[in-house]
Amino acid sequence: AKRITIAIDGFSSTGKSTVAKQLAKELGYVYVDTGAMYRAVTLYALRREFIAEGHFDPHALIAELPLISLKFIFNPDKGFGEMYLNDENVEQEIRQMQVSQFVSKVAAIPEVREMLVAQQQEMGKGKGIVMDGRDIGTVVFPDAELKIFMTATADERAQRRYLELKERGENVTFEEVLENVEERDLLDTTRKDSPLVKAEDAKEIDNSHLTLAGQFEKILELFKEAI
Ligand code: C5P
């Protein structure tokens, strides 16, 4: 069968990674979570204290970009690749609220985007890939055979993310999560470099009122039309 490139973009916490993983598993494709890469760079910046509440030194981060190695290493128990920052597994740490709070600022730095986009394009060279993010259908793979743009109301998305964080034992309130989701939406859609926007040829899926199974069925249909 022909192997294609599948780009899944959308606002934060729309469940992109859930469907992307499901789809990759079903098709035997590689799944790449590009948000994890921006999160890992943010974690690096936090540890080096280039970014903190009320403080941001993008130039110091840019100067150290060559020191940052990002790798996905497949975890057979989980069925997807986990994020390694300079050979340390940071899969858990990059999901914490602290990283979420700063990641959209780091992701707005053109030098950061340039480095990560190049790595993403390299990973997708062989096709047979499902990649999720904000600019996959517009910038990383403008020629992707299948582009999906996922949306849901901010409330619905914050509710899902809140439950996820709670389950992991994080001490957050729903209001904090909602605020973070809305702030990231705003920063992601208004930044100068590669803002979040639906690609003209992307198929939009609003999953506010879809079950996971219903959504997956829709996406499989789109896949069949695309190949
Ligand atoms: O997908 P996730 O919510 O983990 O992404 C975290 C942040 O990384 C986004 O809010 C966005 O600022 C940034 N991002 C991006 N481009 C991508 C993927 C993520 O700017 N392709």
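Residues numbered from 1 in each chain as written. Predicted model: local features only at pLDDT ≥ 70, side-chain atom pairs only at ≥ 80, totals over all residues. Heavy atoms only, no water.

- Per an unreviewed UniProt entry, the chain is named Cytidylate kinase, and its organism is Salinimicrobium sediminis.
- Quoted verbatim from the Subcellular location (unreviewed entry) field of UniProt, the annotation for the chain is "Cytoplasm".
- Recorded in UniProt for the chain, the comment headed Sequence similarities (unreviewed entry) runs: "Belongs to the cytidylate kinase family. Type 1 subfamily." (UniProt positions renumbered as here; feature names shortened; annotations may be inferred.)

1. Some words on the sheet that holds strand E6 (residues 80–85)
Alright, step 1. The strand order across the open sheet built from three strands is E5-E6-E7, with neighbouring strands paired in antiparallel fashion. Every other strand in the sheet has two partners, leaving strand E5 (70–75) and strand E7 (88–89) as the edge strands with one partner each.
Alright, step 2. The pairing of E6 with E7 spans two bridges and is classified as antiparallel. Of the residues in E7, the one forming a bridge with Tyr-84 is Asn-89.
Alright, step 3. The sheet strands contacting helix H2 (residues 34–47) are E5, E6 and E7, and the helix crosses E6 at an angle near 25°. (Pairing = 2+ DSSP bridges. Helix = DSSP H or I, 4+ residues; strand = E, 2+ residues; numbered from the N terminus. Contact = heavy atoms within 4.5 Å. Axes fitted to C-alpha atoms, helices over the stretch in contact; angles between N-to-C directions.)

2. A look at the nonpolar core
Alright, step 1. Core analysis: the biggest nonpolar cluster contains 38 residues, and Val-41, Leu-61, Ile-68, Leu-70 and Val-112 have the highest contact counts within it.
Alright, step 2. The set of elements that each furnish at least two residues to this core consists of H2, helix H3 (58–64), E6, helix H4 (97–106), helix H5 (110–123), strand E8 (129–133) and helix H6 (136–140).
Alright, step 3. Per-element accounting of this core gives the leading share, nine residues, to H2.
Alright, step 4. Excluding anything up to four places from it in sequence, Val-112 contacts Tyr-38, Val-41, Leu-61, Leu-65 and Val-106.
Alright, step 5. Judged by nonpolar contacts, the second largest core, of 20 residues, contains Ile-8, Ala-20, Tyr-31 and Phe-80. (Core = buried A, V, L, I, M, F, W, Y, C linked by side-chain atoms within 4.5 Å. Buried < 20%, exposed > 50% of the residue type's maximum accessible area, 1.4 Å probe, protein only.)

3. Some remarks on the UniProt feature "binding site: ATP" (unreviewed entry) in the chain
Alright, step 1. Under the present numbering, the feature "binding site: ATP" (unreviewed entry) in UniProt falls on Gly-10, Phe-11, Ser-12, Ser-13, Thr-14, Gly-15, Lys-16, Ser-17 and Thr-18.
Alright, step 2. With respect to the helices, strands and loops of the structure, Gly-10 is situated in strand E1 (residues 5–10).
Alright, step 3. Residue Gly-10 is classed as buried on the basis of its relative accessible area, which comes to 0%.
Alright, step 4. Setting aside chain neighbours within four positions, we find Gly-10 in contact with Lys-16, Gly-133, Arg-134, Phe-149, Met-150 and Leu-196.
Alright, step 5. The topology assignment puts Thr-18 in helix H1 (residues 16–27).
Alright, step 6. Given a relative accessible area of 38%, Thr-18 falls into the partly exposed group.

4. Regarding the pattern of salt bridges
Alright, step 1. Per the counting criterion, the structure on display carries 17 salt bridges.
Alright, step 2. Between Arg-47 and Glu-88 there is a salt bridge, and its shortest N-O distance comes to 3.0 Å. Here Glu-88 lies in strand E7 and Arg-47 lies in helix H2, a separation of 41 residues in the sequence.
Alright, step 3. Overlapping salt bridges, with partners in common, bring together Asp-33, Glu-91 and Arg-95 in one network. (Salt bridge = Lys/Arg side-chain N within 4 Å of Asp/Glu carboxyl O.)

5. Brief notes about the site of the ligand
Alright, step 1. Within the structure, the ligand sits among 15 residues, and Arg-39, Arg-113, Asp-135, Asp-188 and Arg-191 are positioned closest to it.
Alright, step 2. Between a nitrogen atom of the ligand and a side-chain N or O atom of Asp-135, the distance comes to 2.8 Å.
Alright, step 3. In isolation the ligand has 460 Å² of accessible area, and contact with the protein removes 97% of it.
Alright, step 4. Breaking the shell around the ligand down by element, the ones donating at least two residues are H2, H4 and helix H8 (174–190). (Near = heavy atom within 4 Å. Polar contact = N/O pair within 3.5 Å; in protein donor to acceptor, adjacent residues only side chain to side chain. Areas by Shrake-Rupley, 256 points an atom, 1.4 Å probe, with all protein chains shown as cover.)

6. Side note on H2
Residues spaced three or four apart along an α-helix point in a common direction, a consequence of the helix completing one turn every 3.6 residues.
Alright, step 1. An ideal rise of 1.5 Å per residue puts 20 Å on 14 residues; H2 measures up with 20 Å between its terminal C-alpha atoms.
Alright, step 2. Among the residues of H2, those classed as buried are Thr-34, Ala-36, Met-37, Tyr-38, Arg-39, Ala-40, Val-41, Thr-42, Leu-43, Tyr-44, Ala-45 and Leu-46.
Alright, step 3. Two residues or fewer past H2, Glu-49 is found with a positive phi of approximately 60°. (Expected span 1.5 Å × (residues − 1).)

7. A few points about the packing of aromatic side chains
Alright, step 1. Throughout the structure, instances matching the rule amount to three aromatic pairs.
Alright, step 2. On the numbers, 6.1 Å between centres and 75° between planes, the contact of Phe-11 with Phe-149 is edge-to-face. With Phe-11 in the loop between E1 and H1 and Phe-149 in strand E9 (residues 146–151), this residue pair connects regions lying 138 residues apart in the sequence.
Alright, step 3. Between Tyr-29 and Phe-223, the ring centres sit 6.4 Å apart and the planes meet at 80°, which makes this aromatic pair edge-to-face. Of this pair, Tyr-29 sits in the loop between H1 and strand E2 (30–33) while Phe-223 is found in helix H9 (residues 212–226), placing the two residues 194 residues apart along the sequence.
Alright, step 4. Overall, Tyr-29 belongs to the buried group, its relative accessible area being 10%.
Alright, step 5. The ring of Phe-80 has Lys-21 sitting right over it, with the charged end atom 4.1 Å from the ring centre. (Phe/Tyr/Trp six-rings, centres within 6.5 Å; stacked < 30°, edge-to-face > 60°. Lys NZ or Arg CZ within 6 Å of the ring centre and 35° of its normal.)

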